[in-house]
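Take a look at the letters that make up each chain.
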Amino acid sequence: MQNHQRENFYMVSTSYPSANIELLLQKFVFVLYLLIGATLNKIHRSEYMSAEMEELESLAAKVGGDAAGALGVLLAYIGDQAGVYRALDELGPVTIAQLAKETTLDERYLQEFLSANAGHGYVNYHPGDETFDMSTAQAAVFAREGQPTCMQGFFQAIVSQYATHETALETFKSGQGRAWGDHDQCCFCGTDRFFRPGYEANILEHWIPSLSGVEQKLIAGGKVADIGCGHGTSTIMMAKAFPNATFHGFDFHAPSVEAATNNAKAEGVSNVQFFESAAKEMPDNQYDFACIFDALHDMGDPVGAATRIFEVLGDDATLMLVEPMAEDSLQANLEKNPMSSTYYSFSTLVCVPTSKAQEVGLQLGAQAGQARLTGVLEQAGFTKVRRASSNAANMVLEVKA
Ligand SMILES: C[S@@+](CC[C@H](N)C(=O)[O-])C[C@H]1O[C@@H](n2cnc3c(N)ncnc32)[C@H](O)[C@@H]1O
């Protein structure tokens with residue numbers, strides 16, 4: 001209360017007893033009002049604070065987990081490249097000294113590495129005899145290359161982005177494109193390893209059979225184009241399964257074409273050839289079947305690429321478009337697509353910059369969604385687009401003239 005009010009009250013109270021009571025009452029009501037107001041305010045404030053605190057606590061816990069995971073992923077990559085997980089899987093429970101002897105790795109580094117891994121839950125520690133081992137599930141995720149559960153390719157693809165973080169930042173700040181070939185070498189191997197288990201589990205068993213009449217055609221023979229084939233994993237897989245058909249893989253990234261050619265040679269597959277070519281410039285061989293695995297959205301001019309594919313397909317041919325699983329809007333992705341944050345992240349770092357670096361630069365992004373993709377295909381001249389198959393990671397569109 002202000003001094004002059006206090007004075008007034010005192011003066012009034014001494015001079016006029018009845019008015020004094022009235023004023024006392026007024027003061028009491030006023031103080032009560034203040035108290036109630038303050039209490040209400042306090043309640044609101046504490047409710048507000050507790051909701052905020054709850055959000056803060058859960059966000060901090062989640063992000064803390066993410067940050068720990070970022071370190072875990074790097075360690076998992078190191079353990080993969082240094083052969084630690086494979087050795088641990090093969091040897092069973094081992095002491096650090098035994099593991100160091102078997103892997104010829106430094107004992108002290110292994111001790112720290114395994115302690116971190118035990119903390120992350122990637123390996124098990126047995127305090128009784130001070131040994132480490134991996135459960136079947138841990139081995140399936142970290143050690144067993146070739147199994148669909150092995151996530152080392154995923155880790156490698158992530159680590160490749162950290163490897164060139166300064167370029168990623170410059171690209172992001174400049175708004176300019178970044179060529180596919182400008183990424184760390186680890187990105188190309190990581191992408192191949194990342195997609196391979198999904199392709200091994202799906203291309204021959206689910207995706208091709210989901211297309212009408214394609215499997216029968218390929219068993220009999222025919223010409224196939226795999227556009228944006230990268231290291232040729234999908235092309236070689238199909239070439240091995242359909243020895244009567246001829247396979248051509250196209251990619252504009254020369255080192256990938258070289259890797260694909262070497263991979264085919266190493267696997268002794270003779271009905272496959274790889275060519276360095278932009279999608280828009282592929283030759284007109286009147287293909288019976290064309291496919292694009294996780295590459296259309298990376299292209300600068302997907303309409304131009306699809307138009308060329310339309311031109312080089314023979315009568316009644318099919319295009320199989322495999323793209324990352326995505327809903328048709330950000331909101332739907334946030335609500336229904338658990339992979340969307342991963343895809344949007346890769347898209348920020350790789351897919352959008354790759355498209356931006358090419359002519360037209362449409363920048364579909366890795367979460368384009370079926371409606372947008374259908375629009376692109378229709379612009380190219382295709383009239384029939386059908387979702388033939390899908391899983392958590394990919395959608396498969398059957399596309400026809
Ligand atoms: C994400 S990778 C997928 C590679 C492979 N299909 C796979 O699934 O492992 C995208 C590929 O598209 C290729 N690419 C991007 N734009 C291209 C274009 N305009 N013409 C041909 N290839 C292109 C890149 O070189 C890269 O190999």
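Provided above is the structure to which this section pertains.
In this text the structure is predicted, and so the values were computed from the model without any measurement. Residue indices follow the written sequence of each chain, beginning from 1 at its first position. Totals for whole chains, interfaces and linings use all residues, but because this is a predicted model, local features are given only for residues with pLDDT of at least 70 and pairs of side-chain atoms are given and counted only at 80 or more.

1. As for the overall build of the protein
Strands are runs of DSSP state E lasting at least two residues, helices are runs of H or I lasting at least four, and both sets are numbered from the N terminus onward. Scanning the protein for helices and strands turns up 16 helices and nine strands. Here exposure depends only on C-beta density: within 10 Å of a residue's C-beta, 20 or more other C-beta atoms make it buried, 12 or fewer make it exposed, and intermediate numbers make it partly exposed, the C-beta atoms being placed from the backbone. Relative to its full complement of 401 residues, the protein shows a buried share of 38%. A pair of residues counts as a contact when their C-beta atoms, built from backbone coordinates, are within 7 Å of each other. Sequence separation of at least 24 residues holds for 65% of the intrachain contacts in the protein that already meet a minimum separation of 6.

2. Some words on the site of the ligand
Only the C-beta atom, placed from the backbone, is used; a residue is near a molecule or strand if that atom lies within 6 Å of it. As a matter of local geometry, the ligand sits amid 23 residues, with G228, G230, H253, A279 and A295 nearest to it. Of all the secondary structure elements, the ones that give two or more residues to the shell around the ligand are α9 (185–207) and α11 (233–241). If you tally residues by element for the shell around the ligand, the top one is α9, at three residues. Considered class by class, the residues forming the shell around the ligand number 10 nonpolar, nine polar and four charged. Throughout this entry, Asp, Glu, Lys and Arg are counted as charged residues, while Ala, Val, Leu, Ile, Met, Phe, Trp, Tyr, Cys and Pro are counted as nonpolar. The remaining residues, Gly among them, count as polar.

3. Observations concerning the nonpolar core
Within the largest apolar cluster, 97 residues are counted, with the highest numbers of intra-cluster contacts made by L88, I227, A290 and L321. In terms of residue count, the dominant contributor to this core is α9 (eight residues). A set of buried residues drawn from Ala, Val, Leu, Ile, Met, Phe, Trp, Tyr and Cys, joined through C-beta atoms within 7 Å, is what defines a nonpolar core.

4. What about the pairing of strand β6 (residues 287–293)?
β6 sits mainly inside the fold: seven of its seven residues count as buried. DSSP bridges decide pairing: two strands pair if at least two such bridges lie between them. For strand β3 (residues 223–227) and β6, the ladder comprises four bridges, and the chain directions are parallel. Looking at the pairing, V224 lines up with F289 of β6. Two elements, β6 and strand β7 (residues 313–324), share six bridges in a ladder whose sense is parallel. Within β7, the position partnered with F293 by the bridge is V322. For the handedness criterion, the strands are oriented away from the viewer, and a crossover whose path from the first strand over the helix to the second runs clockwise is classed as right-handed. What joins β6 to β7 is helix α13 (residues 302–312), and the crossover it makes is right-handed.

5. Looking at the sheet that holds strand β9 (residues 394–400)
Note: strands within a sheet are paired through backbone hydrogen bonds, in either parallel or antiparallel orientation. An order of β5-β4-β3-β6-β7-β9-β8 is seen for the seven strands of this open sheet, with the pairing classed as mixed. Looking at which strands have only one partner, the edges of the open sheet turn out to be β5 (272–276) and β8 (384–390). Here the average twist between neighbouring strands, direction ignored, is 20°. Convention adopted: a line fitted to C-alpha atoms gives each axis, helices being fitted over their contacting stretch, and angles between N-to-C directions are expressed from 0 to 180 degrees. Sitting on the sheet, α11 touches β3, β4 (246–251), β5 and β6, and the angle it makes with β4 is about 180°. Contacting β7, β8 and β9, helix α16 (residues 370–379) crosses the sheet at an angle of about 25° to β9.

6. Observations regarding unusual backbone geometry
Positive phi outside glycine occurs at Q286, with the angle close to 45°. Within the secondary structure layout, Q286 lies in the loop between β5 and β6. Judged by the 12 C-beta atoms lying within 10 Å of it, Q286 is exposed. You will see that V360, though not glycine, has its phi angle at about 75°, which is positive. Topologically, V360 is positioned in the loop between α15 (340–356) and α16.

7. Thoughts on the packing of helix α4 (residues 96–103) against helix α5 (residues 107–120)
When two helices pack together, their arrangement is given by the angle between the helix axes and by the axis-to-axis distance. Contact geometry for α4 and α5: axes closest at 9 Å, N-to-C directions at 120°. Overall, the two elements α4 and α5 adopt an arrangement that is oblique. Crossing of α4 against α5: the hand is right-handed. Note on element contacts: α5 touches α4 through E107, L110, Q111 and L114, opposite I96, A97, L99 and A100. Class assignment of the residues belonging to the contact of α4 with α5 gives a composition of six nonpolar, one polar and one charged. Relative orientations are named as follows: roughly parallel for angles under 35 degrees, roughly antiparallel for angles over 145 degrees, roughly perpendicular for angles from 65 to 115 degrees, and oblique for any other angle. Helix crossings get a hand from a simple test, with the near helix turned counterclockwise from the far one by less than a right angle marking a left-handed crossing and a clockwise turn marking a right-handed one.

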